[in-house]
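# An overview of the molecular structure
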Amino acid sequence: MHGHLRDGQFDLLSAGNLLNILRQAAPILIVAVAMTMVITTAGIDLSVGSQVALVNAVCAIAIGAGLPWPVVVLLMLALGAGSARCRVGSSRTRASRPSS
């Protein structure tokens with residue numbers, strides 16, 4: 001748990017602590033909202049976790065290599081969209097389903 005010690009007690013519900021928790025949970029919340037939309041439209045796709053892991057790993061490598069963060073953001077958007085398109089296309093081909 002995160003918190004600040006104030007007057008001998010932890011201040012768990014401080015504005016700074018809640019903001020910190022929200023920042024840490026933001027990537028998961030974004031993926032959860034997107035998955036909710038996908039599942040409700042009957043386009044169930046359970047490979048989102050591996051997609052997020054791939055993009056995060058490549059992002060860390062790119063930033064570690066010294067690329068500027070705006071370039072890395074654009075590259076990760078392209079990587080995510082490109083690999084998702086390949087994955088959906090190959091699954092439709094294997095299942096012999098027409099794309100909708």
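What you see is a predicted model; the values in this text were computed from it and never measured.

Cut-offs and rules
- Residues numbered from 1 in each chain as written.
- Predicted model: local features only at pLDDT ≥ 70, side-chain atom pairs only at ≥ 80, totals over all residues.
- Heavy atoms only, no water.
- Helix = DSSP H or I, 4+ residues; strand = E, 2+ residues; numbered from the N terminus.
- Contact = heavy atoms within 4.5 Å.
- Areas by Shrake-Rupley, 256 points an atom, 1.4 Å probe, with all protein chains shown as cover.
- Patch = residues over 30% accessible without salt bridge, like charges linked within 9 Å, V, L, I, M, F, W, Y side chains within 5 Å.
- Salt bridge = Lys/Arg side-chain N within 4 Å of Asp/Glu carboxyl O.
- Buried < 20%, exposed > 50% of the residue type's maximum accessible area, 1.4 Å probe, protein only.
- Bend = angle between axes of the 7 residues up to and from the residue.
- pLDDT = per-residue confidence, 0-100.
- Polar contact = N/O pair within 3.5 Å; in protein donor to acceptor, adjacent residues only side chain to side chain.
- Expected span 1.5 Å × (residues − 1).
- Arc of directions from axis to C-beta.

### Topic: the overall build of the chain
From N to C terminus, the chain includes three helices and two strands. Of the contacts made within the chain by residues no fewer than 6 positions apart, 26% connect residues no fewer than 24 positions apart. Per element, the accessible surface of the chain, about 7,800 Å² overall, is 70% carbon and sulfur.

### A look at a nonpolar patch on the surface
A cluster of nonpolar side chains, namely Leu12, Leu13, Leu18 and Ile21, defines an oily patch on the protein surface of about 370 Å² accessible area. One can find Leu13 in the loop between β2 (9-11) and α1 (15-40). A residue is classified by how much of its surface remains accessible, and Leu13, at 69% relative accessible area, is exposed.

### Some words on α1
Every α-helix winds through 3.6 residues per turn, so residues three or four apart in the chain are directed the same way. At Ala26, α1 is deflected by roughly 50°, the largest bend along its length, and proline Pro27 occurs up to four residues later in sequence. Positive backbone phi, approximately 65°, marks Ala42, located one or two places after α1.

### Some words on the confidence of the model for the chain
When pLDDT is averaged along the chain, the result is 78, and 70% of the positions lie at 70 or above. Looking across the chain, the model is least confident in strand β1 (residues 4-6), with a mean pLDDT of 60, and most confident in helix α2 (residues 48-64), with 87.

### Some remarks on the side chain of Gln51
Examined against the element boundaries, Gln51 turns out to sit in helix α2. Polar side-chain contacts of Gln51 include one of 2.9 Å to the backbone oxygen of Gly80.

### Quick word on α2
Compared with the 24 Å implied by 1.5 Å per residue over 17 residues, the 24 Å span of α2 between its first and last C-alpha is a close match. Among all positions of α2, only Val48, Gln51, Val55 and Ala62 are buried. The buried side chains of α2 occupy one side of the element, clustering within an arc of 60° when seen end-on. In α2, the exposed positions that point more than 90 degrees away from the buried face belong to Ala60, Ile61 and Gly64. Phi for Gly66, located one or two positions after α2, is positive at around 100°.

### Quick look at the environment of Ala32
Counting through the fold element by element, Ala32 comes out in helix α1. Taking the C-alpha atoms as reference points, Ala32 and Val48, separated by 16 residues in sequence, lie 9.7 Å from one another.

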